[in-house]
Amino acid sequence: MIDFRQLPSPCFVLDESLLRKNLELMRRVKEDSGCTLILALKGFSMSSTFPLVRQYLDGATASSLHEARLCFEEMRCPAHVYAPIYLDKEFDEMMGYASHLSFNTLNQWARYKDRVATFHRPISCGIRVNPQYSEVQTDLYNPCKPGSRLGVTVDHFPDGRLPEGLEGIHFHTLCENDSYTLERTLVHVEEKFAPMLHEAKWLNMGGGHLMTREGYDVEHLIRTIRRIRETYDLEVILEPGSAVAWRTGYLVSTVEDIFDSQGVQVAMLDMSFSAHLPDTLEMPYKPYILGAYHEPVPGKPTYRFGGGTCLSGDFMGDYSFDEPLRVGDRIVFEDMMHYTMVKTTTFNGVNLPSIAIWREDDTCEIVRRFGYESFKDRIG
């Protein structure tokens, strides 16, 4: 049991036992389905956990040069790489960290294929396709909306063949979805790209497979993967990020001020939603708080939480509690490991939260503290 009072504030804290529980389930999926299962660093890149993660998963997927290097150095294996655009000045170094390269367009493949072919070791290359079907409701996260810049539509393959030199097909259309969404998506992938699937050596189904969420039909996922593997005789790759860190940790914060704002009780915290939890404003979604009612309860003390930046929209609410809050109380946001630390900023000069791991033996390790230099280094 985490003792939140032992932690600095604000602080991201990961519960190592919960991470292991997720990884054990994912290893079962991997072994029972025969798929390759890798961590998407864009969702969770806490390298201090990689010694544990690599005991269970097959590696990681990267979307930039720095993520690829992090995988190579800290996960200790070459990365599966997909980026919407590869830069000429970075490409040679990128190849040094990669086992797989997926290209976003046929133009990008044409530009770099000769450099891949003459690299000193083989790199398996693929193309990202757009099946023009996605059940993601938020446009910001929908890769298949009209005019999407992500992936190649079927009309760009007039002969229906996989271009020479490419061995894989990559699609990513899910966002915290279930296996039945995947199944419906595969109808469109197979309808449009079946001839290419028969030619391919691998199919990367991207991320968004939230297999560690309560109620997820893991057995259905396993059957779905097996069917694709057997139908097309290829390797199936999944690269979830959220599922790895789902409900494994928290953001600990402290109440610094409480005041009435035109009839609304506002509790100011030593953290920022815009700088530290931007996904809550982008998606948007309302995070859960330990010990709080997620929605206002008539007659109970109710508060709107304010962040520490000057952005007027840096707030979240409203929540009710059984007892009134006081300055100095800890407010603990749940499920704060995925798409949180990877998106933090020092906007307005606010300090970044510390990072900690609550170990399985009930000891606490403060992995990182931040200060002025973290702010200064990011703005030159």
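Look a little higher up for the structure.
Right, let's walk through the structure included here. (Residues numbered from 1 in each chain as written. Predicted model: local features only at pLDDT ≥ 70, side-chain atom pairs only at ≥ 80, totals over all residues. Heavy atoms only, no water.)

1. Structural notes on the packing of helix α6 (residues 179–199) against helix α7 (residues 218–232)
Then comes step 1: Their axes nearest at 11 Å, the elements α6 and α7 cross at an angle of 5°. In terms of orientation, α6 lies roughly parallel with respect to α7. In this structure, α6 uses S179, Y180, L182, E183, L186, E190, A194, L197 and H198 to contact α7, whose residues at the interface are H220, L221, T224, R227, I228, T231 and Y232.
Then comes step 2: Of the residues contributing to the contact of α6 with α7, the split by class is eight nonpolar, five polar and three charged. (Axes fitted to C-alpha atoms, helices over the stretch in contact; angles between N-to-C directions. Helix = DSSP H or I, 4+ residues; strand = E, 2+ residues; numbered from the N terminus. Parallel < 35°, antiparallel > 145°, perpendicular 65-115°, else oblique. Contact = heavy atoms within 4.5 Å. Nonpolar A, V, L, I, M, F, W, Y, C, P; charged D, E, K, R; others polar.)

2. Some remarks on the environment of T363
Then comes step 1: Mapped onto the fold, T363 is located in the loop between β16 (354–358) and β17 (364–368).
Then comes step 2: Look at T363 and you get partly exposed, because its relative accessible area is 39%.
Then comes step 3: The spatial distance from the C-alpha of T363 to the C-alpha of M271 is 25 Å, given a sequence separation of 92 residues.
Then comes step 4: Beyond its immediate chain neighbours, meaning those up to four positions away, T363 contacts I357 and W358.
Then comes step 5: Of note is the side chain of T363, whose polar atom sits 2.6 Å from the side chain of D361. (Buried < 20%, exposed > 50% of the residue type's maximum accessible area, 1.4 Å probe, protein only. Polar contact = N/O pair within 3.5 Å; in protein donor to acceptor, adjacent residues only side chain to side chain.)

3. Structural notes on a nonpolar patch on the surface
Then comes step 1: On the surface, L281, L311 and F347 cluster together into a nonpolar patch covering about 250 Å² of accessible area.
Then comes step 2: Of note, L311 is situated in the loop between β13 (302–306) and β14 (315–320). (Patch = residues over 30% accessible without salt bridge, like charges linked within 9 Å, V, L, I, M, F, W, Y side chains within 5 Å. Areas by Shrake-Rupley, 256 points an atom, 1.4 Å probe, with all protein chains shown as cover. Salt bridge = Lys/Arg side-chain N within 4 Å of Asp/Glu carboxyl O.)

4. What to know about the pattern of salt bridges
Two side chains carrying opposite charge are able to pair once their charged atoms lie near each other.
Then comes step 1: Summed over the entire model, instances satisfying the criterion amount to 20 salt bridges.
Then comes step 2: Residue E360 pairs with R20 through a salt bridge whose shortest N-O separation is 2.7 Å. Taken together, the residues span a long stretch of sequence, with E360 in the loop between β16 and β17 and R20 in helix α1 (residues 16–33) at a distance of 340 residues.
Then comes step 3: Taking relative accessible area as the criterion, E360 reaches 39% and is therefore assigned partly exposed.
Then comes step 4: Judged by its relative accessible area of 22%, R20 falls in the partly exposed class.
Then comes step 5: Here the residues in one salt-bridge network are E16, R359 and E365, joined through shared partners.

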